[in-house]
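Residue-level structure breakdown
Chain by chain, the residues run as shown.
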Amino acid sequence: MKNRKIKRILSANRQPMGEHQMYQPLPNHEFNSIDPFLLVHHHGPHKFAPYNQGLPFGPHPHRGFETLTFIYSGEIEHADSQGHTSAIAPGGVQWMTAGRGIVHSENIPQHLRENGGEMEIIQLWMNLPKKLKMTPPAYQGLQAENIPVAFSEDGLVETQIISGNFKDLIGPAKSLTNLQVLNVKANKGGKETYIIPDSSNILFYVLHGEVKVNGKLAIDHQLVEFVNSGETIEIETSAKSRFILASGEPLNEPVVSQGPFVMNNTTEILQAMRDYQMGKMGVM
Ligand code: MN
């Protein structure tokens, strides 16, 4: 097996969102998506003052794709029109299948709005193929203790397996599109090797740290873009680091997105808007 080839390493755009900072590695000025991965928003770390307003994500709809939120610090409360509610602590994730439509809200819990505190999260949007866009909506809230962790031989790299397999461990989140999602924390000098079929596209985002990826250095807020050649990804860290490594087969379908809806054509977007207005995605 040979090393997966890197096309380039891109720095995320920084986008202030109200009073907190947000980095957007995807989409970026070079490309729209890494099919099937549509969007990555990295919020924080942000220090909320006491009596703050929390996040500006009150009830809003989605259709046609899935969202995955990683909580690194703070806590996120999810509530949706299907009746799911859960508060997820650091090390946990929230995997929501919007499918044919859901309305949800995401915020830090009341104790963090009252007392203040730190929050760092990432939200990833994963596209669904045409045949699954109208699948029933679903929500999977997973705390850190529900998610297996594989250690590198040197013990310095901890790979959390959210979905898919790694080192004979199986991630608990059910992916409708067989995504492998790994959330990695490493100390300085750690080494690990990942094998990913060269037909899969890869989302590799470094939150913090210094990660040599197949010999090339990626640091804070950088996205590593690969070519579909080679299966092996070798990482070596020269500082305490965190990164996300997600992969999946490309859908190779037209993508038309408008705000919270991601469909295959404009007619379907207009239908989504009407269905939302008529309350067909539920109400909160
Ligand atoms: Mn949302």
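Everything discussed here concerns the structure shown above.
Conventions and cut-offs
Residues numbered from 1 in each chain as written. Predicted model: local features only at pLDDT ≥ 70, side-chain atom pairs only at ≥ 80, totals over all residues. Heavy atoms only, no water. Helix = DSSP H or I, 4+ residues; strand = E, 2+ residues; numbered from the N terminus. Rg over C-alpha atoms; globule rule 2.2 N^0.38 Å. Buried < 20%, exposed > 50% of the residue type's maximum accessible area, 1.4 Å probe, protein only. Areas by Shrake-Rupley, 256 points an atom, 1.4 Å probe, with all protein chains shown as cover. Contact = heavy atoms within 4.5 Å. Pairing = 2+ DSSP bridges. Axes fitted to C-alpha atoms, helices over the stretch in contact; angles between N-to-C directions. 1 Å grid on protein atoms, 1.4 Å probe; cavity = no way out; pocket = protein on both sides within 12 Å on 5 of 7 lines; lining within 4 Å. Points joined across faces, edges and corners; volume = space filled by probe spheres on them. Nonpolar A, V, L, I, M, F, W, Y, C, P; charged D, E, K, R; others polar. Expected span 1.5 Å × (residues − 1). Arc of directions from axis to C-beta. Polar contact = N/O pair within 3.5 Å; in protein donor to acceptor, adjacent residues only side chain to side chain.

Observations concerning the overall build of the chain
A tally of regular secondary structure across the chain gives two helices and 26 strands. A globule of 284 residues ought to have a C-alpha radius of gyration of about 19 Å, and the chain, at 18 Å, matches this closely. Across its three principal axes, the chain shows a C-alpha extent of roughly 55 × 45 × 35 Å. The proportion of buried residues among the 284 residues of the chain is 55%. Accessible surface, the chain: about 12500 Å² in total, of which carbon and sulfur atoms supply 50%.

Observations concerning the side chain of Thr67
Relative to the helices and strands, Thr67 is located in strand S6 (residues 65-73). In this structure Thr67 touches Gln94, Trp95, Met96, Gln123, Leu124, Trp125 and Met126, once residues within four positions along its chain are discounted.

Section: the pairing of strand S8 (residues 85-88)
Two faces belong to every sheet, and in a regular strand the side chains alternate between them. Where strand S7 (residues 76-80) and S8 come together, four bridges link them in antiparallel fashion. Residue Glu77 lies in a different strand from S8, and its bridge partner there is Ala87. Connecting the antiparallel pair S7 and S8 is a turn made up of four residues, with Gly83 showing a positive phi of about 95°.

Focus on the sheet that holds strand S21 (residues 216-219)
Strand order in the open sheet made by the four strands is S18-S23-S20-S21, with antiparallel pairing throughout. In this open sheet, the two edge strands, each paired with only one partner strand, are strand S18 (191-195) and S21. Neighbouring strand axes in the sheet, compared pairwise and without regard to direction, differ in orientation by 25° on average.

Re empty space enclosed by the protein
Considering all chains together, one arrives at one cavity of 30 Å³ or more under this definition. Taken as a whole, the largest cavity spans an internal volume of roughly 30 Å³. Contributing to the lining of the largest cavity are Thr67, Thr69, His78, Gln94, Trp95, Met96, His104, Glu106, Gln123 and Tyr139. Secondary structure elements with two or more residues in the lining of the largest cavity: S6, strand S9 (93-97) and strand S10 (102-107). The leading source of residues in the lining of the largest cavity is S9, at three residues. When the residues that make up the lining of the largest cavity are grouped by side-chain class, the tally is three nonpolar, six polar and one charged.

Focus on helix H2 (residues 266-277)
With twelve residues, H2 extends 17 Å between its outermost C-alpha atoms, agreeing within 8% with the 16 Å of an ideal straight helix rising 1.5 Å per residue. All buried positions along H2 are accounted for by Ile269, Ala272 and Asp275. Summarising the axial view, the buried residues of H2 lie within an arc of 125°, below the 170-degree limit, and thus occupy one face. Residues Thr266, Thr267 and Gln277 are exposed on H2 and point more than 90 degrees away from its buried face. Of the residues flanking the start of H2, the one acting as N-cap is Asn265, its side-chain oxygen 3.2 Å from the backbone nitrogen of Thr267. Downstream of H2 by one or two residues, Gly279 has phi in the positive range, about 80°.

Focus: unusual backbone geometry
Between Leu26 and Pro27 the backbone carries a cis peptide bond, its omega angle lying at -10°. Relative to the elements of secondary structure, Pro27 occurs in the loop between strand S3 (20-26) and strand S4 (37-48). Residue Pro45 is reached from Gly44 by a cis peptide bond, and omega for that bond is 5°. In this structure, Pro45 sits in strand S4. Positive phi outside glycine occurs at Asp168, with the angle close to 65°. Position of Asp168 among the secondary structure elements: in the loop between strand S15 (165-166) and strand S16 (169-170).

As far as function goes, none of this settles anything; it's purely spatial.
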